[in-house]
Amino acid sequence: MHLSKPKALGLISIAGFVGLIIGGCAGLHGWFSPPARGHIKEFPLPHHVAQYPAGVSLRFAMVHDVLTERFAKHGKAYYRKRNRLVDNELQELKPKRKPGENPSDRYFALLDDQGAGLEALGDSDGAARVLRAKLREQEALGYKSKQLYTTYANLGTFLIHGNFVKARTGDLSAKEQLREGLSFIHKSIEVNPEAHFGREVWQAVAVEFMLAAIDDPGLLMKYDMVGNRLDQTIDPSGLRAFNAEDWGRFGMGRDAVRYLENPQPNNPYRGMITKVGAADDWNKAVNTSHSKPVPFDEPTLGIIGMWRLGGGANPHFALALGEIMMRVGQRFLAWTAYERAVGMADRFWPDSGIQEKFVEHCRKRQSIIEKQLPSESWTERRQQFQDELDFGRRYQADYQDYEAKQIKGGASIEDSHFYDAFHAKHGPIASPVGQEDKFVINEDPYHWMPSVPYPAMLLFAGLFAFVAACLLRVTSSAPNMVSTSPP
Amino acid sequence: MRQLLSGGFLSGMLMIILTGSAAACINDREVANSEREFKSHYKTNYQEQPSIESPEHLKNQLLAYGATGLGSVLLLGSVVVTLKRPS
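Predicted, not measured: the structure shown is a model, and the values here were computed from it. (Residues numbered from 1 in each chain as written. Chains lettered and ligands numbered in written order. Predicted model: local features only at pLDDT ≥ 70, side-chain atom pairs only at ≥ 80, totals over all residues. Heavy atoms only, no water.)

Take unusual backbone geometry next. Residues and elements named next belong to chain A. Despite not being glycine, E69 has its phi angle at roughly 60°, a positive value. Here E69 is to be found in the loop between α2 (60-67) and α3 (76-96). A relative accessible area of 4% means that E69 is categorised as buried. (Helix = DSSP H or I, 4+ residues; strand = E, 2+ residues; numbered from the N terminus. Buried < 20%, exposed > 50% of the residue type's maximum accessible area, 1.4 Å probe, protein only.)

Let's shift gears to the nonpolar core. Residues and elements named next belong to chain A. Membership of the largest hydrophobic core comes to 90 residues, with the highest contact counts inside it found for F209, M225, F296, I303, W307 and M325. Broken down by element, the residue count for this core peaks at 10 residues, all from helix α8 (residues 201-215). Contacts of M325, omitting those with residues within four sequence positions, involve F60, V63, F296, T300, Q330, L333 and A334. Core analysis: the next-biggest nonpolar cluster, separate from the first, contains 24 residues, V86, F108, A116 and V130 among them. (Core = buried A, V, L, I, M, F, W, Y, C linked by side-chain atoms within 4.5 Å. Contact = heavy atoms within 4.5 Å.)

So, on to the pattern of salt bridges. Overall, the coordinates contain 21 salt bridges over all chains when judged by the stated rule. Taking the shortest distance from any N to any O, the salt bridge between A:R327 and A:E323 comes out at 2.8 Å. Of the two residues, A:R327 and A:E323 both sit in helix α13 (residues 315-327), four residues apart, roughly one turn of that helix. What makes A:R327 buried here is its relative accessible area of 10%. Note on A:E323: relative accessible area 0%, which makes it buried. A salt bridge links B:R29 to A:E414, with the nearest nitrogen and oxygen atoms 3.2 Å apart. With B:R29 in the loop between α1 (2-21) and α2 (30-41) and A:E414 in the loop between α16 (378-408) and α17 (420-426), this pair bridges two chains. The partly exposed category is assigned to B:R29, whose relative accessible area is 24%. Judged by its relative accessible area of 49%, A:E414 is partly exposed. Within this structure, A:D113, A:E414 and B:R29 form a network of salt bridges that share partners. (Salt bridge = Lys/Arg side-chain N within 4 Å of Asp/Glu carboxyl O.)

Written out as C-alpha cells, the structure reads:
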C-alpha cells in the first residue's frame with residue numbers, strides 16, 4: 001500500500017492520537033506520575049494559638065514529658081534554704097517601714113513565698129495562717145480585686161490541702177474551711193481570669209469533681225475529672241485535634257503563622273480546635289464551673305500545670321490526659337497516659353473494687369489502640385515507657401541532689417548560675433517538638449492546572465506513531481506482485 | 001466503729017494526695033520563671049523546603065522524564081521515517 005506523504009503523516013497522527021488516549025488512561029492509573037510540583041511547607045496547628053495572647057500554647061511533647069516525669073522539680077533542701085532567706089528578709093523589712101507607710105509589694109510577695117515554702121514542706125496549716133494574715137493586712141489597706149489575686153489563689157490552695165482529711169471524717173469546721181478554700185479559688189479566677197494563662201480554672205474543676213465523687217463514688221467510673229465519659233466508646237483512628245479540612249482548604253494555617261508573630265485577642269483559629277469534656281449529664285452530676293466542652297488544649301494545659309507545679313503525678317490527671325488524647329487521635333500518647341495511670345491505680349480511690357474497675361478501663365482503652373496498630377510491639381513499648389519514666393525520675397533525683405550539695409557548699413539559690421553545672425552535665429530534659437505538632441502541605445503554585453499524566457501520554461503517542469510509520473514504510477517498500485507488463 | 005473510722009481516715013488521707021495534687025498554681029517567686037522556661041523548652045520552627053526528594057520520589061521523577069523523552073523521540077522518529085519514505 002503506497003500513500004502520499006501528507007496522507008501518511010495524517011495516518012501516523014491518528015495513530016499517535018490513539019496512543020495519546022491510551023497513555024492518558026494508563027497514566028491515570030499512576031504508572032507514570034508527573035513530577036511533583038511546589039514546596040513542602042509546615043504550618044502551626046490551631047492549638048498553637050494560645051487561649052490568651054502571650055500565653056502558653058500546648059505541644060504534644062509537653063504531655064509526653066509529664067507522663068514520663070521529664071521536668072525539673074525542687075527538693076526539700078531548696079525550700080528549707082529559701083524559707084530561711086524569706087524569713088530573714090521579712091525581718092529586715094519590718095523595722096525599715098516608716099510609721100504610716102504602707103508595706104511594699106516586695107513585702108507581700110515575700111509572704112506568698114513564705115506560705116508556698118511552708119506548703120512545700122508539708123505544713124499546709126502554717127501556710128494558710130500566713131496567707132490569712134496577709135489577706136487581713138491587705139484588706140485593711142483597701143486592696144481590692146486583682147491586687148488580692150495571689151492571696152486568694154494561695155490561701156484557697158492551702159485551705160483545701162490542709163482540711164480535706166478532717167472534712168472527710170465529718171469535722172464541720174474543716175468542711176467549712178474546705179468550702180472556703182474553694183470559694184477563694186473561685187475568687188482568684190474572678191479577679192484574674194488570665195492568671196497562669198487561664199489554667200487555674202482546672203484546679204477548681206478538679207476539686208469540685210473530687211467533692212462530688214466523695215458523695216457519689218459511682219461518678220469515678222462514669223467521668224474523668226474534666227467530664228469525659230468513661231463509658232463512651234471511642235475510636236481514635238478517625239479523630240484529630242482540629243478541623244483539618246478547613247484549616248488547609250481556607251489557608252488558615254498560613255494565616256496563623258502571621259498571626260502568631262503578633263497575637264491579638266479574639267481570633268478565628270481556636271474555633272478549629274477539637275472540644276472535650278463536660279459530656280452528657282456532667283452538669284447534673286457535678287456542681288462545677290466547667291459547664292460545656294472546651295478546646296482540648298485548655299484542660300490539658302491545666303493538668304500539665306498542676307502536675308508540674310503542684311503536687312505532681314496523680315492517677316486522675318493521667319486518666320484525663322488519656323481520655324483527652326483518645327479524643328484527638330493521639331493514640332501513642334493516650335496509651336502512655338493509661339499505662340502511667342495503671343501504675344498509680346492504688347491512689348485512684350481507697351476502694352479496691354473501684355481500683356480494679358479503673359485498671360480494667362485503662363487496659364480496655366489500651367487494647368483498642370493496640371488492635372488498631374498491630375505492627376507495633378506493645379511489649380517493647382511498655383518497656384520503653386518504663387525506661388523513659390525511670391530516666392525522668394533519675395533526672396529529678398539528680399536535680400534535687402545537686403541542689404542539696406550546692407546549698408551545703410554555700411552556693412546561693414538566688415544566683416542565676418546556680419544550675420549551670422547541672423545543665424552543662426545533663427543537657428535539656430524537655431522532649432523536642434515533632435511532626436505531630438505540624439500541619440504539612442505541598443504548596444503548588446500551579447495547583448489550578450490539572451495534573452495531566454503527560455509522560456505516559458507522550459510515550460504511548462510516540463510508540464503508536466512510530467510503529468504506524470514503520471508499518472507504512474514496510475508496506476510501501478514491498479515489491480508489486482501483480483505484473484503489469486505483457487508476457 | 002473502728003473500721004468505719006479507719007476507713008474514713010484512709011480515704012481522707014487519699015483525698016490529701018488527690019487534692020494536694022490539685023494545689024495547682026501556687027503563686028510564688030518561681031511562677032514567672034517557670035512559665036518562661038516552660039515556653040522556651042517547646043519552641044517550634046515551621047520549615048519550608050522543595051518537594052520531597054526521597055529516593056522513591058527521584059525514581060518516579062526519572063521514570064516520568066524518561067517516558068517523556070522517549071515518547072518525544074519516537075514521535076520525531078515517526079515523522080522522519082514517514083518523510084524519508086521512498087516516493
